[in-house]
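Listed below, chain by chain, are the residues.
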Amino acid sequence: MFEQSSSLSGDIGRLVLRLSLGALILFHGIAKILHPQAIDFITGRLAASHLPTFLVHGVYVGEILAPLMLLFGIFTRLAGVLVAINMLFAIFLVHRHQLFALTENGGWQLELQGLYLLCGIAVALLGGGRFALVRD
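It should be emphasised that the depicted structure is a prediction, and the values quoted were computed from it without experimental measurement.

Can you break down the nonpolar core residue by residue, with the values?
With 17 residues, the main nonpolar core has Leu21, Ile25, Leu70, Val83 and Met87 as its most contacted residues. Among the elements that make up this core, the one with the highest residue count is helix 4 (residues 76–95) (six residues). Ignoring sequence-local partners within four residues, the contact set of Leu21 consists of Leu70, Val83, Tyr116, Cys119, Gly120 and Val123.

Here it is in structure tokens:
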């Protein structure tokens, strides 16, 4: 009986993790659609880093497609990997100067990005659980 309860709580935990990560990252994707200048900014950062500018389309994959996959529980491990890759690009392109910096309150300046990155990795490792539409 305890094993079934533990399994259920693990699946509920996976559900909470993927819904939280998916919803919060999706807001960033919606902002990119509503404010196209953000995409122009990222294109400029890619060019300045001598990376192909077509990679800017990865923003839509990492901040719209992957979050929707998380929310619906479709290929959640892949979605977690996509979110993690998206966050690595965000940290490299925009936030690398903050990597070892603290806020005035003592927190890490990349708390949000770090949390998204680590949650994406956790989802990739854990999968979607029994409440996913497509179990992986």
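Once you've had a look at it, read on.
A description of helix 5 (residues 111–126) should follow, citing residues and the corresponding values.
Between its terminal C-alpha atoms helix 5 stretches 22 Å, which fits the 22 Å expected from 16 residues at 1.5 Å a residue. Listed in full, the buried residues belonging to helix 5 are Gln113, Gly114, Tyr116, Leu117, Cys119, Gly120, Val123 and Ala124. Count one or two residues on from helix 5 and you reach Gly127, which has phi positive near 80 degrees.

Pulling in residues and values, what's your account of helix 3 (residues 58–72)?
With 15 residues, helix 3 extends 20 Å between its outermost C-alpha atoms, agreeing within 8% with the 21 Å of an ideal straight helix rising 1.5 Å per residue. The sharpest bend along helix 3 measures roughly 25 degrees and falls at Ala66, with the proline Pro67 sitting one to four residues further on. Restricting attention to buried positions, one finds in helix 3 the residues Val59, Gly62, Glu63, Ile64, Ala66, Pro67, Met69 and Leu70. Positive phi appears at Gly73, one or two residues downstream of helix 3, with a value of about 70 degrees.

Tell me what's going on with the environment of Val134, and back it up with residues and numbers.
Of note, Val134 is situated in the segment after helix 5. Separated by 60 residues in sequence, Val134 and Ile74 have C-alpha atoms that sit 4.9 Å apart. With sequence-adjacent residues up to four places away left out, Val134 is seen in contact with Gly73, Ile74 and Phe75.

Quick rundown of the environment of Gly22? Include the residues and the values.
Considering the arrangement of structural elements, one finds Gly22 in helix 1 (residues 2–34). Considering only alpha carbons, one finds Gly22 and Ser6, 16 residues apart in sequence, at a separation of 24 Å. If near-sequence neighbours (up to four positions away) are discounted, Gly22 is found in contact with Pro67, Leu70 and Leu71.

Got a sec to walk through a nonpolar patch on the surface? Specific residues and values, please.
Together, Phe54, Leu55, Leu68, Phe72, Phe75, Leu78, Val81, Ile85, Phe89, Leu133 and Val134 line one region of the surface with nonpolar side chains, adding up to about 980 Å² of accessible area. Within the fold, Phe72 resides in helix 3. Judged by its relative accessible area of 46%, Phe72 is partly exposed.

Cut-offs applied
Residues numbered from 1 in each chain as written. Predicted model: local features only at pLDDT ≥ 70, side-chain atom pairs only at ≥ 80, totals over all residues. Heavy atoms only, no water. Core = buried A, V, L, I, M, F, W, Y, C linked by side-chain atoms within 4.5 Å. Buried < 20%, exposed > 50% of the residue type's maximum accessible area, 1.4 Å probe, protein only. Helix = DSSP H or I, 4+ residues; strand = E, 2+ residues; numbered from the N terminus. Contact = heavy atoms within 4.5 Å. Expected span 1.5 Å × (residues − 1). Bend = angle between axes of the 7 residues up to and from the residue. Patch = residues over 30% accessible without salt bridge, like charges linked within 9 Å, V, L, I, M, F, W, Y side chains within 5 Å. Areas by Shrake-Rupley, 256 points an atom, 1.4 Å probe, with all protein chains shown as cover. Salt bridge = Lys/Arg side-chain N within 4 Å of Asp/Glu carboxyl O.

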